[in-house]
Amino acid sequence: MSAAQDDDVQEFAASLRRLKDRTDRSYGQLARRLNMNTSTLHRYCAGDAVPLDFAPVERFAALCEATPRERLELHRLWILAVAARQRPRTAAAAEAPSEAAEPAEAAAALPPADSAPADPPHRPWYRSRRLLVSAAVATALLATLGSLSALPDDDGPRGSDSVEAGDPPRTTQPGTARPESSKSPSPSSTTPSPEAGASTKPSAKPTETAEEPSKKPGQQRPPSGVPLTWSADSHVWQAGCGHDYVVGRPPQQVPPPPVPQDAGTWAGTQNAVHGRQTLVKISVQGRTSTAVVLEALRVRVVGRSAPGGGSSYAMDNGCGGALTPRYFDVDLDKDRPLARPADGSDSGVTIPAMRLPYRVSAEDPEVLLIDARTESCDCTWYLELDWSSQGRTGTVRIDDHGRPFRTTGIEGLPRYSYDTSARQWVPYS
């Protein structure tokens, strides 16, 4: 391969590496998403191989959030790299002596001045091939420009992992056809279509068509709604067994401790309040493969009072575990409590704390563990999670099924543990 041909391959590989470096994923993570071997992706980025099909390169660019202009440039470099790889290796060796001998051969072929003009010599095969390759490059670039003409002309990053950077979140099940954006919504849709709301009288309120006068037929609508989902479980016990509930009943009327998976039902029937500590496990994931960035987590205390009456009932009897997951530590006794990332531990091995911002999607869910504690407060509180995706931002409120979480101190309250042999609650020792 000549130096010019090798330069085409290396320039294509360097473009792949630049896109890869802007992500926080390894070659293995990217390869799994692209359904290819890690070694294959590494060879592409190192310039040791060039894919014969542009489809995996397009998926790679979308996964790395490349802009339309970057994708166009990557397609151009790929065409040159493929052409360089597919040229016969002997062509470079044959081309040099042929070109050197061409002037002499041409001079020898010139007829005498008084002779009749001869037919023009045929163009060498390698020059014809070079022209064909150049024509193929130009044709492919024109086709790519036409396919990208409907995309936005801005250079901003795209958060989509799909082939089309402007796709809205998918609302159909896998394997079903997605409705075309150029068709009007059905009459049962909650969003009225511009055609259905058209009137001969001018409207005081701008219509959807008036708000988007430059929208072209077939252009995708911008995504709307919250791009992530979440669920919260506040009945999580420390190491799977340690927890206190404050119940306003005497020990004789309180049933035995439940198994951890039934803690929510048990607490609901006893009108129990979390004592001293509330562990909230929050599962967060995107609605589609489009990346959603979790920007910040805030704590909102909406009520403070002195701990009320009742007794504290310990769900454990001194049990414990060696595993402490990473979590966000919240001190509810502070005037303005913060959610601070804290390291976890697994048999003495540190589990690094999770720090925001953090990226999730439908394929990459994440679990956040909130450890909220108080010694002197009966506090009601909830969480706010800030997110951003595809140029949009928002905040979701995380609470206990529409109500704030509640945590109360247990200092000074009678405390009991359950004696399994006597099958009754006894004073905690």
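It should be emphasised that the depicted structure is a prediction, and the values quoted were computed from it without experimental measurement.

Peer 1: Looking at this structure, I do not really get the packing of helix α4 (residues 55–63) against helix α5 (residues 68–86). What am I missing?
Peer 2: Helix-helix packing is characterised by the crossing angle of the two axes and by the distance between the axes. In contact at an axis separation of 11 Å, α4 and α5 are set at 150° when each is read in the N-to-C sense. Classified by the angle their axes make, α4 and α5 are roughly antiparallel. The handedness of the crossing between α4 and α5 comes out as right-handed. Judged by residue contacts, Val57, Glu58, Ala61 and Ala62 of α4 engage Arg71, Leu74 and Trp78 from α5. Along the lines of polarity and charge, the residues of the contact of α4 with α5 split into five nonpolar, no polar and two charged.

Peer 1: Before we go on, may I ask you to explain the packing of aromatic side chains in this structure?
Peer 2: Any pair of aromatic rings gets described here by the distance separating the centres and the angle formed by the planes. By the definition in use, this model includes six aromatic pairs. With centroids separated by 5.0 Å and ring planes inclined at 75°, the aromatic side chains of Tyr313 and Trp425 adopt a geometry described as edge-to-face. Of this pair, Tyr313 sits in strand β6 (residues 311–314) while Trp425 sits in strand β18 (residues 424–427), and the two are 112 residues apart along the sequence. Here Trp425 falls in the buried class, since its relative accessible area comes to 8%. By the ring-pair criterion, three or more aromatic residues cluster together here, those being Tyr313, Tyr416, Tyr418 and Trp425. Between the NZ or CZ atom of Lys20 and the centre of the ring of Tyr27, over which it lies, the distance is 4.5 Å. The ring of Tyr428 carries Arg415 above its face, with NZ or CZ at 3.9 Å from the centroid.

Peer 1: Any chance you could explain the side chain of Asp378 here in plain terms?
Peer 2: Along the chain, the position of Asp378 falls in strand β14 (residues 378–389). Asp378 gets classed as buried once you look at its relative accessible area, which sits at 7%. In this structure the side chain of Asp378 is engaged in a polar contact, spanning 2.8 Å, whose partner is the side chain of Arg406. If we skip the residues at most four places from it in the chain, Asp378 touches Gly303, Arg304, Ser305, Ala306, Pro307, Gly308, Arg406, Thr407 and Thr408.

Peer 1: Please explain the pairing of strand β17 (residues 415–419) as it appears in this structure.
Peer 2: Two faces make up the sheet, and in a regular strand the side chains alternate between them. As judged from the three bridges shared by β6 and β17, these two strands associate in the parallel manner. Along β17, the bridge assignment pairs Tyr313 with Tyr416. Between β17 and β18, which pair antiparallel and follow one another directly, the connecting turn spans four residues, one of which, Arg423, has a positive phi of 55°.

Peer 1: I tried to follow the environment of Gly344 on my own but got confused; where do I start?
Peer 2: Positionally, Gly344 belongs in strand β10 (residues 344–346). On the basis of relative accessibility, which here comes to 7%, the residue Gly344 falls in the buried class. Setting aside residues up to four positions removed in sequence, Gly344 forms contacts with Thr324, Pro325, Arg326, Val349, Thr350 and Ile351.

Peer 1: What am I meant to see in the confidence of the model for the chain here?
Peer 2: In low-pLDDT segments, the atomic positions of the prediction should not be examined closely. On average, residues of the chain carry a pLDDT of 74, and 65% of them reach 70 or more. Here helix α8 (residues 208–211) stands out as the least confident element of the chain, with mean pLDDT 37; β14 is the most confident, with 94. Segment residues 125–133: pLDDT under 50, and 16 contacts once partners within four positions in sequence are set aside and those in other chains are kept. The low-confidence segment residues 147–215, where pLDDT is below 50, has 69 contacts with residues more than four positions distant or belonging to other chains.

Peer 1: What is the right way to read the state of the cysteines from this model?
Peer 2: Where two cysteines share a covalent bond between their sulfur atoms, that bond is called a disulfide. Applying the stated criterion to the full structure yields one disulfide. Between the sulfur of Cys377 and that of Cys379 lies a disulfide, 1.8 Å long from S to S. Linking Cys377 and Cys379, the disulfide has an S-S dihedral of approximately 125° and is accordingly described as right-handed. On the basis of relative accessible area, Cys377 is assigned to the buried category, the value being 5%. Here Cys45 stays unpaired: no disulfide links it, and the sulfur of Cys64, its closest cysteine neighbor, is 8.1 Å away. Its relative accessible area of 1% is what places Cys45 among the buried residues. By relative accessible area, which is 1% here, Cys64 ends up buried.

Peer 1: Explain empty space enclosed by the protein to me, please; I cannot follow it from the model alone.
Peer 2: Empty pockets left among the atoms are what a rolling probe the size of a water molecule brings to light. One pass over the structure, following the stated rule, counts three cavities of 30 Å³ or more. The volume enclosed by the largest cavity comes to roughly 60 Å³. Together, Leu16, Leu34, Met36, Leu41, Tyr44, Pro51, Pro56, Val57 and Phe60 line the largest cavity. Those elements that provide at least two residues to the lining of the largest cavity are α3 (38–46) and α4. When residues in the lining of the largest cavity are grouped by element, the largest group, three residues, is from α4. Partitioned by chemical class, the residues of the lining of the largest cavity number nine nonpolar, no polar and no charged.

Peer 1: Quick question: what am I supposed to make of α3 here?
Peer 2: In an α-helix, one full turn covers 3.6 residues, which means residues spaced three or four apart are oriented alike. Listed in full, the buried residues belonging to α3 are Leu41, Tyr44 and Cys45. Across the axial projection of α3, the buried residues extend over an arc of 95°, all falling on one side. Gly47 sits one or two residues past α3 and shows a positive phi near 85°.

Here is what the cut-offs are and how they apply
Residues numbered from 1 in each chain as written. Predicted model: local features only at pLDDT ≥ 70, side-chain atom pairs only at ≥ 80, totals over all residues. Heavy atoms only, no water. Axes fitted to C-alpha atoms, helices over the stretch in contact; angles between N-to-C directions. Helix = DSSP H or I, 4+ residues; strand = E, 2+ residues; numbered from the N terminus. Parallel < 35°, antiparallel > 145°, perpendicular 65-115°, else oblique. Left-handed = near helix turned anticlockwise from the far one by under 90°. Contact = heavy atoms within 4.5 Å. Nonpolar A, V, L, I, M, F, W, Y, C, P; charged D, E, K, R; others polar. Phe/Tyr/Trp six-rings, centres within 6.5 Å; stacked < 30°, edge-to-face > 60°. Buried < 20%, exposed > 50% of the residue type's maximum accessible area, 1.4 Å probe, protein only. Lys NZ or Arg CZ within 6 Å of the ring centre and 35° of its normal. Polar contact = N/O pair within 3.5 Å; in protein donor to acceptor, adjacent residues only side chain to side chain. Pairing = 2+ DSSP bridges. pLDDT = per-residue confidence, 0-100. Disulfide = S-S within 2.5 Å. 1 Å grid on protein atoms, 1.4 Å probe; cavity = no way out; pocket = protein on both sides within 12 Å on 5 of 7 lines; lining within 4 Å. Points joined across faces, edges and corners; volume = space filled by probe spheres on them. Arc of directions from axis to C-beta.

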